[in-house]
Amino acid sequence: MRLEILPVPGIGHVTEGDDLTALIGSAAPWLRDGDVLVVTSKIISKAEGRLVDVPADGPDRQTVRDEVLAAETARVVASRGPTRIVQTHHGFVMASAGIDASNVDKTRLVLLPVDPDASARALRAGLRERYGVDVAVVVSDTMGRPWRNGLTDVALGVAGMDAIRDHRGEVDPYGNELVLTQMAVVDELAAAGELIKGKCDQMPVAVIRGYLTPPLTGDGEGARVLVRDASMDLFSLGTAEATAAGLAAAATLPDRPGEAAADPAAVDRAIASIVDVIAPGTVFTQVTDDDVRHALAAIVPGWPARATGLVLCSPPTPVGPVQLVRFGTDVQRLRTALAAVDVPTQLLPPPNGTTAAATLAL
């Protein structure tokens, strides 16, 4: 296979309502059947009117941008300072929902096309009908990548070819059957086109020649097949967000203590893992109901006489014979730690509706 990456100069400034078919067809009359046209999503967005007016500077600019970002966001994945990694309504996970302020007037923001696959199909059909050339169209945009520095272009939409080259079932030269390999070839073509287009050269379109052999088939399923299903996404949240979600979920789990007695060593490990965070200097001791039933009743009148298997804590300077685990965040963290080592727990509410104390039954 011999590939050529060709620039398409002369397209110029694109504004709302412009006919991209005419602009590209006039700038590249040399297009051939089987060429892959890599088109920057920004000129598609501009032509389709996906622009938002914003102040040129000042605090109001950021306020409007935040509002636009919220409207374009289906789900926040991670947030660190001013950076927001979100999932768009298309399903793409990217910084700031792909909202862009480069290569556009300072008083405007460019949003992603509403349906990049549909935009690719429309452009392909227009070139075929008006210029009699059958090409594939890839709509590209720039994204960051987890675990790697630097940006690269990827495909947001495609028409005229499959987004994925599926090698499963093929046999390599060593006789090994490929069982997992699926190559996102449209992402590779988008990145190859970016080598020619650049970011400051006003070259929004590139042509890759030699990858496809005419005649081409139908439009294909589009780039939507590249969006990983949520059930298969092992990294659907940032680290801090996943930790917060886990703590919140653990704090609201229904209490279902197991029939088997908890392993005292496991409880000790769980308590030790959080004691310095929730109550530095506090000594936690496992006791039975026989040890503390009378003391509990003395400290908290009306405490259930049937309470058994309690975990209590004593501060360095006890205020009484028994001090119960403080209610709220301390108990939440303790229960989370216990759940992490598979210790069944039950959070018993304070008696008489008070919130001064609580205890954890094992």
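Treat the numbers as computed from the prediction; the structure is a model and nothing was measured. (Residues numbered from 1 in each chain as written. Predicted model: local features only at pLDDT ≥ 70, side-chain atom pairs only at ≥ 80, totals over all residues. Heavy atoms only, no water.)

(A) Structural context of a nonpolar patch on the surface. The grouping of Trp147, Leu234 and Phe235 at the surface amounts to a nonpolar patch, some 480 Å² of accessible area in total. Inspection of the secondary structure puts Trp147 in the loop between strand S8 (136-145) and strand S9 (148-159). The class for Trp147 is exposed, based on a relative accessible area of 72%. (Patch = residues over 30% accessible without salt bridge, like charges linked within 9 Å, V, L, I, M, F, W, Y side chains within 5 Å. Areas by Shrake-Rupley, 256 points an atom, 1.4 Å probe, with all protein chains shown as cover. Salt bridge = Lys/Arg side-chain N within 4 Å of Asp/Glu carboxyl O. Helix = DSSP H or I, 4+ residues; strand = E, 2+ residues; numbered from the N terminus. Buried < 20%, exposed > 50% of the residue type's maximum accessible area, 1.4 Å probe, protein only.)

(B) Fine view of the pairing of strand S5 (residues 83-88). For strand S4 (residues 73-80) and S5, the ladder comprises six bridges, and the chain directions are antiparallel. Of the residues in S5, the one forming a bridge with Arg80 is Thr83. Between S4 and S5, which follow one another and run antiparallel, lie two residues, and Gly81 among them has a positive phi close to 60 degrees. By the bridge criterion, three bridges tie S5 to strand S6 (residues 93-95) in an arrangement that is antiparallel. Bridge assignment links Gln87 to a residue of S6, and that residue is Val93. (Pairing = 2+ DSSP bridges.)

(C) Fine view of the nonpolar core. By size, the foremost hydrophobic cluster in this structure holds 24 residues, and its most contacted members are Leu37, Val39, Leu123 and Val205. If you list the elements that add at least two residues to this core, you get helix H1 (20-27), strand S2 (36-40), helix H2 (41-47), helix H4 (116-131), S8 and strand S12 (205-209). In this structure, Val39 is in contact with Ile24, Ile44, Leu123, Val137, Val138, Val139, Ser140, Lys197, Pro204 and Val205, ignoring residues within four places of it in sequence. Counting 17 residues, the second largest nonpolar core, distinct from the first, contains Val36, Val185, Ala192 and Leu216. (Core = buried A, V, L, I, M, F, W, Y, C linked by side-chain atoms within 4.5 Å. Contact = heavy atoms within 4.5 Å.)

(D) Quick look at the side chain of Arg209. On the secondary structure map, Arg209 appears in strand S12. Side chain to side chain, Arg209 and Asp35 meet in a polar contact 2.9 Å long. Aside from chain neighbours lying at most four places away, what touches Arg209 is Arg2, Leu3, Glu4, Leu6, Trp30, Leu31, Arg32 and Asp35. (Polar contact = N/O pair within 3.5 Å; in protein donor to acceptor, adjacent residues only side chain to side chain.)

(E) Highlighting unusual backbone geometry. Here the bond from Pro214 into Pro215 is cis, since omega is 0 degrees, no more than 30 degrees from zero. On the secondary structure map, Pro215 appears in the loop between S12 and helix H6 (239-251). Backbone geometry places Ser96, a non-glycine residue, at a positive phi of 55 degrees. Even without being glycine, Ala97 reaches a positive phi, approximately 55 degrees. Here Ala97 is to be found in the loop between S6 and strand S7 (108-110). Overall, the relative accessible area of 1% leaves Ala97 in the buried class.

(F) Looking closely at empty space enclosed by the protein. Enumeration over the complete set of coordinates arrives at two cavities of 30 Å³ or more. The computed volume of the largest cavity comes to approximately 50 Å³. The wall of the largest cavity is formed by Ser41, Lys42, Ser45, Gly98, Asp100, Val110, Leu111, Leu112 and Asp141. Tallying contributions element by element places H2 first for the lining of the largest cavity, with three residues. In the lining of the largest cavity, the residues fall into three nonpolar, three polar and three charged. (1 Å grid on protein atoms, 1.4 Å probe; cavity = no way out; pocket = protein on both sides within 12 Å on 5 of 7 lines; lining within 4 Å. Points joined across faces, edges and corners; volume = space filled by probe spheres on them. Nonpolar A, V, L, I, M, F, W, Y, C, P; charged D, E, K, R; others polar.)

(G) Spatial organisation of the sheet that holds S5. Pairing in this open sheet of three strands is antiparallel, and the strands run S4-S5-S6 from one edge to the other. Edge positions in the sheet fall to S4 and S6, since each of these pairs with one other strand and no more. Geometrically, the sheet is characterised by an average inter-axis angle of 30 degrees between neighbouring strands, direction not taken into account. Sheet strands in contact with helix H3 (residues 59-72) are S4 and S5, and its direction is about 125 degrees off that of S4. (Axes fitted to C-alpha atoms, helices over the stretch in contact; angles between N-to-C directions.)

(H) Main features of the sheet that holds S2. Spatial strand order, S1-S12-S2-S8-S9: five strands in an open sheet with mixed pairing. The outermost strands of the open sheet, each flanked by one partner alone, are strand S1 (4-7) and S9. Averaged over all neighbouring strand pairs, the angle between strand axes comes to 30 degrees, with direction disregarded. With five bridges connecting them, S2 and S8 associate as parallel partners. Of the residues in S8, the one forming a bridge with Thr40 is Ser140. Against the sheet, H4 touches S2, S8 and S9, its axis set at about 55 degrees to S9.

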